Amino acid sequence: MKLRKSAAVAALAVLALTATACGGKEGSAGDKPSNPAGSNAPKAPEYAVAKDVKLDASATFKKAKERGKLVIGSKADQPFLGFEDQSTKERSGFDIEIARMIAADLGFSKDQIEWKTVDSASRESAISTGQVDYYVGTYTINDKRKLQVGFAGPYYKAGADLLVRKDESGITGPESVKGKKVCSIKGSTPLAEIKKPQYGAQTTELAKYSDCVQQLLTSQVDAVTTDDAILKGYAAANSGKLKVVGKPFTEEPYGIGMNKDDKALRDFINDALEKHEKDGTYKKIYDATLGLSGSTYTEPPAIVRY
């Protein structure tokens, strides 16, 4: 399976987000940005769909086989990570490709995936009630969440940072947000962090990061906080208007969420992640997605098995 978006189509996805955030019409004249990556932009690899996968101990896998498709939860408003183009309904980004890679190992082609957009505040509920088979969407592994869901990974480590307007000089890190209006989304770990009394920020809590970015662009808030990987995507999508401060103040190990009791599926996905790091697939995915946002590649953290 290969990423169907060319670099040009990815640029249109970025355009769609920018136009929406600014209140303009998608695809209106004069709004199309040039594609900085050009025609030589790296492409995600093809994924060989496995045959006759034996995973009878996984209740999730058995249900997916019976219905003939996987239901995968993801984000839809994060450029270069998990993004849905509203005109084509195509999904793209690092998390989307990681999810597709795992689906292929489980024996499901791209046409056997049903994507379900799940916002941060609803992730545990969507997983534990079986609305999705697994979830890949900048999902930080922590002990509180592990009481409700299981995690494979981590497959990436981010850190909370700050997104500000390009001409902002007063916000240089988390220690400088006292009295400032900082936006993040309900249920996120960066929101819980920035609400701590030591920072003194005035927080705005919204449902989506794209809503926070819109408020930043219109000067309703002074900064947006979430993981640096997410913020770099928004900065790239709004080049010349926004920037990332570049001073991470937390550690956010991303995991793949699934049913808490499905150890067989968790072990299978952990094996898949380790295999594809070693065979170079992971690096190719990174270069074709997150790498285009300006993020520097680093090797993924070691898998934590439990």
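A few points on the structure. For clarity, every value in this text was computed on a predicted model and none was experimentally measured.

1. Details of empty space enclosed by the protein
Here is step 1: In total, this model carries two cavities of 30 Å³ or more according to the counting rule given.
Here is step 2: Approximately 60 Å³ is the volume found for the largest cavity.
Here is step 3: If you go around the largest cavity, you meet 13 residues; those closest to its centre are Arg-123, Thr-138, Ser-188, Pro-190 and Tyr-209.
Here is step 4: Of all elements in the fold, only helix H6 (189-194) and strand S11 (223-227) reach the threshold of two or more residues within the lining of the largest cavity.
Here is step 5: Broken down by class, the residue content of the lining of the largest cavity amounts to three nonpolar, six polar and four charged.

2. Re helix H2 (residues 59-67)
Here is step 1: Every buried residue of H2 is accounted for by Thr-60, Phe-61 and Ala-64. The buried residues of H2 occupy one face: seen down the axis, they fall within an arc of 95°. Seen from the open side of H2, the exposed residues pointing more than 90 degrees away from its buried face are Lys-63 and Glu-66.
Here is step 2: Contacts made by the buried residues of H2 are with strand S1 (70-74), strand S13 (252-259) and helix H9 (263-278).
Here is step 3: A positive backbone phi angle near 85° is found at Gly-68, which sits one or two residues after H2.

3. Points about the packing of helix H3 (residues 94-105) against helix H10 (residues 281-288)
Here is step 1: The N-to-C vectors of H3 and H10 enclose an angle of 150°; their axes lie 9 Å apart at closest approach. By the angle class used here, H3 and H10 are roughly antiparallel. Crossing of H3 over H10 shows right-handed handedness. Seen from H3, the contacting residues are Phe-94, Glu-97, Ile-98 and Met-101; seen from H10, they are Thr-281, Tyr-282, Ile-285 and Tyr-286.
Here is step 2: When the residues that make up the contact of H3 with H10 are grouped by side-chain class, the tally is six nonpolar, one polar and one charged.

4. Looking at the state of the cysteines
Here is step 1: Tallying each qualifying case throughout the model produces one disulfide.
Here is step 2: The partner cysteine of Cys-183 in its disulfide is Cys-212, sulfur to sulfur 2.1 Å. With the S-S dihedral at roughly -65°, the linkage between Cys-183 and Cys-212 falls on the left-handed side. Of this pair, Cys-183 sits in strand S9 (residues 181-185) while Cys-212 sits in helix H7 (residues 209-217), and the two are 29 residues apart along the sequence. For the pair Cys-183 and Cys-212, one class covers both residues: buried.

5. Considerations on the pairing of S13
Remember that side chains alternate between the two faces of the sheet whenever the strand is regular.
Here is step 1: Of all eight residues in S13, six are buried, a share of seventy percent or more.
Here is step 2: Strand direction decides the pairing type here: strand S7 (residues 149-158) and S13, joined by seven bridges, are antiparallel. Paired with Tyr-156 across the strands is Tyr-254, a residue of S13.

6. Description of the nonpolar core
Here is step 1: Of all hydrophobic cores here, the largest spans 54 residues; its most connected members are Phe-94, Ile-98, Leu-106, Tyr-134, Tyr-156 and Ile-256.
Here is step 2: It is H3 that contributes the most residues to this core, seven residues altogether.
Here is step 3: For Ile-256, the residues in contact, after removing those within four places along its chain, are Ile-98, Ile-102, Tyr-134, Tyr-135, Val-136, Gly-150, Phe-151, Ala-152, Tyr-155, Ile-269 and Leu-273.

7. Concerning H7
Three or four residues apart is the spacing at which side chains of an α-helix point the same way, because the helix has 3.6 residues per turn.
Here is step 1: When H7 is considered as a whole, its buried residues turn out to be Tyr-209, Ser-210, Cys-212, Val-213, Gln-215 and Leu-216.
Here is step 2: Backbone geometry just downstream of H7 places Ser-219 in the positive-phi region, at approximately 65°.

Thresholds applied
- Residues numbered from 1 in each chain as written.
- Predicted model: local features only at pLDDT ≥ 70, side-chain atom pairs only at ≥ 80, totals over all residues.
- Heavy atoms only, no water.
- 1 Å grid on protein atoms, 1.4 Å probe; cavity = no way out; pocket = protein on both sides within 12 Å on 5 of 7 lines; lining within 4 Å.
- Points joined across faces, edges and corners; volume = space filled by probe spheres on them.
- Helix = DSSP H or I, 4+ residues; strand = E, 2+ residues; numbered from the N terminus.
- Nonpolar A, V, L, I, M, F, W, Y, C, P; charged D, E, K, R; others polar.
- Buried < 20%, exposed > 50% of the residue type's maximum accessible area, 1.4 Å probe, protein only.
- Arc of directions from axis to C-beta.
- Contact = heavy atoms within 4.5 Å.
- Axes fitted to C-alpha atoms, helices over the stretch in contact; angles between N-to-C directions.
- Parallel < 35°, antiparallel > 145°, perpendicular 65-115°, else oblique.
- Left-handed = near helix turned anticlockwise from the far one by under 90°.
- Disulfide = S-S within 2.5 Å.
- Pairing = 2+ DSSP bridges.
- Core = buried A, V, L, I, M, F, W, Y, C linked by side-chain atoms within 4.5 Å.

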